[in-house]
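Residues per chain, in single letters:
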Amino acid sequence: MNAWFTIALLVVSNIFMTFAWYGHLKLQQMNVFTSNTPLYVVILVSWGIALLEYTCQVPANRIGFQGNGGPFSLMQLKVIQEVITLAVFTLFSVVVFKGEALHWNHFAAFVCLIMAVYFVFMK
């Protein structure tokens, strides 16, 4: 159960992270932020969103880490997190930024990530 809870928290964390890092670009396209909006305002808004990310990321790592009774090694947690990050980002870029398209090399990169997960879980 800790494995699924850890993964769920990592997914939620990465949704917040993606919005914190890239959401301001969409908000600028929607004229919520303009090119005249001071950078510190954009940073403070992003930090506010990133705080929500950390409220999920830190517990996910604590719950999922073998040293705390979880099912994953440190390396496994990191690789899982990276795969989730790229999956969430891919959905975000295709859905929110409708002009972005997936190409063959993106799929090749995903295959490499799946292989990374396989190798990190090998005994």
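Residues numbered from 1 in each chain as written. Predicted model: local features only at pLDDT ≥ 70, side-chain atom pairs only at ≥ 80, totals over all residues. Heavy atoms only, no water.

> Honestly, helix H1 (residues 2–29) in this entry has me stumped. Any pointers?
Under the 1.5 Å per step criterion, the end-to-end length of H1 is 39 Å for 28 residues, consistent within 8% with the ideal 40 Å. The largest bend in H1 is about 55°, located at Tyr22. All of the buried residues in H1 are Thr6, Leu9, Leu10, Ser13, Asn14, Met17, Thr18, Ala20 and Gly23. After H1 finishes, the residue Asn31 shows a positive phi value of roughly 65°. (Helix = DSSP H or I, 4+ residues; strand = E, 2+ residues; numbered from the N terminus. Expected span 1.5 Å × (residues − 1). Bend = angle between axes of the 7 residues up to and from the residue. Buried < 20%, exposed > 50% of the residue type's maximum accessible area, 1.4 Å probe, protein only.)

> Looking at this model, I keep getting lost on the packing of H1 against helix H2 (residues 39–64). Mind explaining?
A pair of packed helices is characterised by two quantities: the angle between their axes and the separation of those axes. Orientation of H1 relative to H2, taken along the N-to-C sense of each, is 165°, at an axis distance of 8 Å. Between H1 and H2, the interaxial angle falls into the category roughly antiparallel. You can see that H1 and H2 cross each other, and the crossing is left-handed. Classifying every residue of the contact of H1 with H2 by side-chain character gives 16 nonpolar, 9 polar and 1 charged. (Axes fitted to C-alpha atoms, helices over the stretch in contact; angles between N-to-C directions. Parallel < 35°, antiparallel > 145°, perpendicular 65-115°, else oblique. Left-handed = near helix turned anticlockwise from the far one by under 90°. Nonpolar A, V, L, I, M, F, W, Y, C, P; charged D, E, K, R; others polar.)

> Is there a simple way to explain the nonpolar core in this structure?
What tends to happen in soluble globular proteins is that the nonpolar side chains get buried as a cluster. Counting residues in hydrophobic clusters, the biggest one holds 9 residues: Leu9, Leu10, Cys56, Ala60, Phe72, Leu77, Ile80, Ile84 and Val88. Every element with two or more residues in this core is listed here: H1, H2 and helix H3 (74–95). (Core = buried A, V, L, I, M, F, W, Y, C linked by side-chain atoms within 4.5 Å.)

> Just checking my understanding: could you explain the pattern of salt bridges for this structure?
As a working rule, side chains carrying opposite charge can pair if their charged atoms are close by. One pass over the structure, following the stated rule, counts 1 salt bridge. In this structure, Lys78 and Glu82 form a salt bridge, with 2.8 Å as the shortest nitrogen-oxygen distance. With Lys78 and Glu82 both in helix H3 and 4 residues apart, the pair spans about one turn of that helix. Given the relative accessible area of 32%, Glu82 is considered partly exposed. (Salt bridge = Lys/Arg side-chain N within 4 Å of Asp/Glu carboxyl O.)

> Sorry, what's going on with a nonpolar patch on the surface here?
Taken together, Leu39, Tyr40, Ile43, Leu44 and Trp47 make up a surface patch of nonpolar side chains, about 610 Å² in accessible area. The residue Leu39 is located in helix H2 in this model. (Patch = residues over 30% accessible without salt bridge, like charges linked within 9 Å, V, L, I, M, F, W, Y side chains within 5 Å. Areas by Shrake-Rupley, 256 points an atom, 1.4 Å probe, with all protein chains shown as cover.)

> It is not clear to me how the packing of aromatic side chains should be interpreted in this structure. Could you clarify?
Any pair of aromatic rings gets described here by the distance separating the centres and the angle formed by the planes. Taken as a whole and assessed by the stated rule, the structure comprises 7 aromatic pairs. With 5.0 Å between their ring centres and 80° between their planes, Phe19 and Phe92 make a pair best called edge-to-face. Residue Phe19 is found in helix H1, and its partner Phe92 is found in helix H3; the two are separated by 73 residues along the sequence. With a relative accessible area of 40%, Phe19 lands in the partly exposed category. (Phe/Tyr/Trp six-rings, centres within 6.5 Å; stacked < 30°, edge-to-face > 60°.)

> For this particular structure, what's the right way to read the layout of surface pockets?
Once rolled over the atoms, a probe with the size of a water molecule shows which space is left empty. One number sums up the size of the largest pocket: a volume of about 170 Å³. Taken together, Leu86, Phe89, Thr90, Ser93, Val94, Glu100, Ala101, Leu102, His106, Ala109 and Phe110 make up the lining of the largest pocket. Mapped onto the lining of the largest pocket, the elements with two or more residues apiece are H3 and helix H4 (104–120). Broken down by class, the residue content of the lining of the largest pocket amounts to 7 nonpolar, 3 polar and 1 charged. (1 Å grid on protein atoms, 1.4 Å probe; cavity = no way out; pocket = protein on both sides within 12 Å on 5 of 7 lines; lining within 4 Å. Points joined across faces, edges and corners; volume = space filled by probe spheres on them.)

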